[in-house]
Amino acid sequence: MLAACGAAAAVSAIFGNPLVAAVLFLELLGLGRRAATLVLLPCLVASGVGALVFTGLGRWTGLDIGSLAIPDLGPTGLRVGDVLWTVPIAAVVAALTWAVFGLGRRVAESARTRLLATTVGAGVVAATAAMGYGAATDRSPTEVVLSGQATLGVLAAAPSAWSTGALVLLVLAKGLAYAVCLGAFRGGAVFPAIFLGAAVGVVASTAAPGLGAVPALAAGMAAGVAVLGLPVTSILLVVLLLGEAAGDLMPVVILAAVTAFVVEEALTARGSPR
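Quick caveat, the model's predicted, so the values are computed rather than measured.

1. Brief notes about the overall build of the chain
- Scanning the chain from terminus to terminus reveals 13 helices and zero strands.
- For 274 residues, the compact-globule formula gives about 19 Å, and the C-alpha radius of gyration of the chain, at 20 Å, lands near that figure.
- Seen through its principal axes, the chain has C-alpha atoms that stretch 55 × 50 × 45 Å.
- Within the chain, the proportion of its 274 residues that are buried is 38%.
- The long-range fraction of contacts in the chain, counting pairs at least 24 apart against all pairs at least 6 apart in sequence, stands at 71%.

Here is the structure:
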C-alpha cells in the first residue's frame, strides 16, 4: 500500500494531473480484469463512435450540445483554510446526502406495496416543499423541483444572490423533495446531489474563516456526488464542471470526494444496506 501510494504521488507529479494516477492504478490492479475487458472495450469503442455524432466527421458538422462546464469560473488559487475546511464540509455533505438516500429507500419500499398512495404523497410533499421555499424566500420554486444543473451556474457566478437563510432553506426543501422523488418517481440522481453539495459549500464559505466561495463550492460538489459510491467518476465529473478552475482546485476536489466516500461507507455499515 505504501509503495502504491508513493508511486501514485510520483505519477501525479510527472504527468501534472492526479487523475492520471488514479485511472492508471485502476487498470494496473486489474480487478476482475477479464470481465472488465469484455465490458470496457466495447463501451470505449461505442463511446468513441457515438462522440462522432456531436464532434462531426467529414461533411457532417456535428450537433451542438453545449459545454458542461460552469461558465465564468476562471483559475483560482488555494489557501490553507480552503484545504483545512474541505474535510468537515465533505463530511457534512456526505451525511446529508446519505440521509436523503436513506429516506428515498424508505419511500421506494413503501411504493412497492402502496404505489398510488406513495406516488401521490411524494408529489404533494415535493410540491409543498417547493411552494414553501418560494413563499419564504420570494424566489422561484423551480430551484427546488428541477435538477439544479442550470441553477448551479448562477450559484457559482453570484453566490451572494442568495442570503444564508435562503440557501439553508433551499438545501432543506430540495433535500426533502429529492428524497421522496428518488423513491417514487423517475429522474437523475447525480445533479441534485451535486447541487446540494454546492449549496452547503457556499453556506460554509459565509461562516468559515479563510474559506473561499469557489473552493467550498468545488468541495461540496465532489462530496455530494461521491456518496453515490463512485469516487473517481465523481472527481472526473466535478473537474469537467469546474472548467478552467479545475487545475487549481483538483486537490480540494479529490480530498472532498475521498472523505465523503469514507463517511458514506461508515454510515452505511452502521445503518441500512446500500
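Right, picking up where we left off after that structure.
2. Details of helix H5 (residues 86–113)
- Relative to the 40 Å expected for 28 residues at 1.5 Å per residue, H5 spans 41 Å between its end C-alpha atoms, a close match to the ideal helical length.
- Of all the residues in H5, the buried ones are Thr86, Ile89, Ala90, Val93, Ala94, Thr97, Val100, Gly102, Gly104, Val107, Ser110 and Ala111.
- Buried residues along H5 sit against helix H4 (80–84), helix H6 (115–137), helix H9 (164–184), helix H10 (190–207), helix H11 (213–226) and helix H13 (246–270).

3. Digging into the packing of helix H8 (residues 149–157) against H10
- Their axes nearest at 9 Å, the elements H8 and H10 cross at an angle of 20°. With respect to H10, the element H8 is oriented roughly parallel. The crossing of H8 and H10 is left-handed. Along its contact with H8, which presents Gln149, Thr151, Leu152 and Leu155, the element H10 presents Phe191, Ile194, Phe195, Ala198, Ala199 and Val202.

4. Some thoughts on the confidence of the model for the chain
- Looking at the chain as a whole, its pLDDT mean stands at 86, while 95% of the residues score no less than 70.
- Averaged pLDDT values over the elements of the chain bottom out at 74 in helix H2 (residues 18–29) and peak at 95 in H6.

5. Considering the environment of Ala136
- The residue Ala136 is located in helix H6 in this model.
- Its relative accessible area of 58% is what places Ala136 among the exposed residues.
- Separated by 29 residues in the primary sequence, Ala136 and Gly165 place their C-alpha atoms 9.9 Å from one another.

6. A short note on the pattern of salt bridges
- For the structure on display, the rule yields two salt bridges.
- For the salt bridge of Asp82 with Arg79, the shortest nitrogen-to-oxygen distance reads 3.8 Å.
- Taking the shortest distance from any N to any O, the salt bridge between Arg139 and Glu143 comes out at 2.9 Å.
- A residue is classified by how much of its surface remains accessible, and Glu143, at 9% relative accessible area, is buried.

7. Description of the environment of Ala94
- Mapped onto the elements of the fold, Ala94 is located in helix H5.
- Here the alpha-carbon distance between Ala94 and Val225, two residues 131 residues apart in the chain, equals 8.8 Å.
- Each residue touching Ala94, except ones within four places of it in the same chain, is listed here: Val227, Ala260 and Val263.

8. Details of the nonpolar core
- Grouped together as the largest cluster of nonpolar side chains are 67 residues, with contacts concentrated most on Leu152, Leu155, Leu167, Ile194, Met221, Leu241 and Leu242.
- Put simply, the parts of the chain that give this core at least two residues each are H5, H6, H8, H9, H10, H11, helix H12 (231–242) and H13.
- Sequence-distant contacts of Leu241, that is, excluding residues within four places in its chain, are made with Leu68, Ala69, Ile70, Leu152, Phe191, Ile194 and Met221.

9. Quick look at a nonpolar patch on the surface
- The grouping of Val45, Val49, Leu52 and Leu57 at the surface amounts to a nonpolar patch, some 370 Å² of accessible area in total.
- Considering the arrangement of structural elements, one finds Leu57 in the loop between helix H3 (33–55) and H4.
- Relative accessible area serves as the criterion here: at 57%, Leu57 is assigned to the exposed category.

10. Some thoughts on H13
- In a regular helix each residue adds 1.5 Å, so 25 residues correspond to 36 Å; H13 covers 34 Å between its end C-alpha atoms and thus fits that length.
- Within the span of H13, buried status applies to Ala246, Leu249, Met250, Val252, Val253, Ala256, Ala257, Thr259, Ala260, Glu264 and Thr268.

11. A look at the environment of Ala216
- Along the chain, the position of Ala216 falls in helix H11.
- Exposure remark for Ala216: the relative accessible area of 1% places this residue in the buried category.
- Sequence separation between Ala216 and Leu249 is 33 residues; the distance between their C-alpha atoms is 9.8 Å.
- Beyond its immediate stretch of four places on either side in the chain, Ala216 contacts Ile89, Gly201, Ser205 and Leu211.

Procedures and definitions
- Residues numbered from 1 in each chain as written.
- Predicted model: local features only at pLDDT ≥ 70, side-chain atom pairs only at ≥ 80, totals over all residues.
- Heavy atoms only, no water.
- Helix = DSSP H or I, 4+ residues; strand = E, 2+ residues; numbered from the N terminus.
- Rg over C-alpha atoms; globule rule 2.2 N^0.38 Å.
- Buried < 20%, exposed > 50% of the residue type's maximum accessible area, 1.4 Å probe, protein only.
- Contact = heavy atoms within 4.5 Å.
- Expected span 1.5 Å × (residues − 1).
- Axes fitted to C-alpha atoms, helices over the stretch in contact; angles between N-to-C directions.
- Parallel < 35°, antiparallel > 145°, perpendicular 65-115°, else oblique.
- Left-handed = near helix turned anticlockwise from the far one by under 90°.
- pLDDT = per-residue confidence, 0-100.
- Salt bridge = Lys/Arg side-chain N within 4 Å of Asp/Glu carboxyl O.
- Core = buried A, V, L, I, M, F, W, Y, C linked by side-chain atoms within 4.5 Å.
- Patch = residues over 30% accessible without salt bridge, like charges linked within 9 Å, V, L, I, M, F, W, Y side chains within 5 Å.
- Areas by Shrake-Rupley, 256 points an atom, 1.4 Å probe, with all protein chains shown as cover.

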